[in-house]
Amino acid sequence: MIVIALDLLLACLLAAAVMVGLRLNRRLSALRASQLDFARAVMELDAAAARAEAGLTALRSAAEEAHDSLLARIDTARALAGRLEKAEASAEGAARRAEAAAAEVKAAQPMPGPAIAARAPGALREALARVESGAPEPLRTEPTVRRDPRPQRPTPRRRPIADETLFADADEGLVRSGLQGLLRMSLARR
């Protein structure tokens, strides 16, 4: 009976060991599966980190290019601003000189009376009569220029000056009528 009891006890212990072994096998297989998932997650994270690093490198180079381009534009703008300031200063100086010259001419010329205007030279009277009548001015003949048979270099292109672009749209009739008015005023003063 002791042998049978010991055999039964041994059979129970063996059955318990098989049960613990099966549980342990399930847990180990679950651990292996989670380890494979973890390895996949680590590989995906590594690939994402590599993509992020490549994106940062591209972003850094694009930022450097934009920085260089912006610095070049700022330098160009500063140079143009300097040129504009110089042009403005020279224009102001020219305006002051023109005003001073006009004041000197005005101060130097005595105001003529109407009797002097009557004695104006005949050519000036004729010019005034042509202007008032609207007759075209006589054509001036210019001497002929001998041309060199050698081919000439093309003339370099000239950039328009600010005044030319400003007054490019001026109507010739307005300019002509303004000149006629100035001529009449100058004759009336004499």
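Residues numbered from 1 in each chain as written. Predicted model: local features only at pLDDT ≥ 70, side-chain atom pairs only at ≥ 80, totals over all residues. Heavy atoms only, no water.

Enquirer: Could you give an account of the pattern of salt bridges, naming the residues involved and the relevant values?
Expert: Tallied over the entire structure, the rule returns two salt bridges. With a shortest N-O distance of 2.8 Å, Asp37 and Arg40 are connected by a salt bridge. Highlighted residues: Asp37 and Arg40, both in helix H1 (residues 2-108), separated by three residues, approximately one helical turn. What makes Arg40 partly exposed here is its relative accessible area of 45%. Across the pair Arg96 and Glu92 runs a salt bridge whose closest N-O atoms are separated by 4.0 Å. One end of the pair is Arg96 and the other is Glu92, both in helix H1 and four residues apart, which spans about a single turn. With a relative accessible area of 52%, Arg96 lands in the exposed category. (Salt bridge = Lys/Arg side-chain N within 4 Å of Asp/Glu carboxyl O. Helix = DSSP H or I, 4+ residues; strand = E, 2+ residues; numbered from the N terminus. Buried < 20%, exposed > 50% of the residue type's maximum accessible area, 1.4 Å probe, protein only.)

Enquirer: So what's going on with a nonpolar patch on the surface? Which residues, and what values?
Expert: A cluster of nonpolar side chains, contributed by Ile2, Leu6, Leu9 and Leu13, occupies part of the molecular surface with about 430 Å² of accessible area. With respect to the element layout, Ile2 can be found in helix H1. Residue classification places Ile2 among the exposed residues on the basis of a relative accessible area of 65%. (Patch = residues over 30% accessible without salt bridge, like charges linked within 9 Å, V, L, I, M, F, W, Y side chains within 5 Å. Areas by Shrake-Rupley, 256 points an atom, 1.4 Å probe, with all protein chains shown as cover.)

Enquirer: Give me the confidence of the model for the chain: which residues, what numbers.
Expert: Overall, the predicted model of the chain reaches an average pLDDT of 76, with 58% of residues at or above 70. In the model of the chain, helix H4 (residues 162-166) stands out as the element of lowest mean pLDDT, 48, in contrast to H1, which has the highest, 92. Across residues 169-175, confidence stays below pLDDT 50; counting only partners more than four residues off in sequence or on other chains, it has one contact. (pLDDT = per-residue confidence, 0-100. Contact = heavy atoms within 4.5 Å.)

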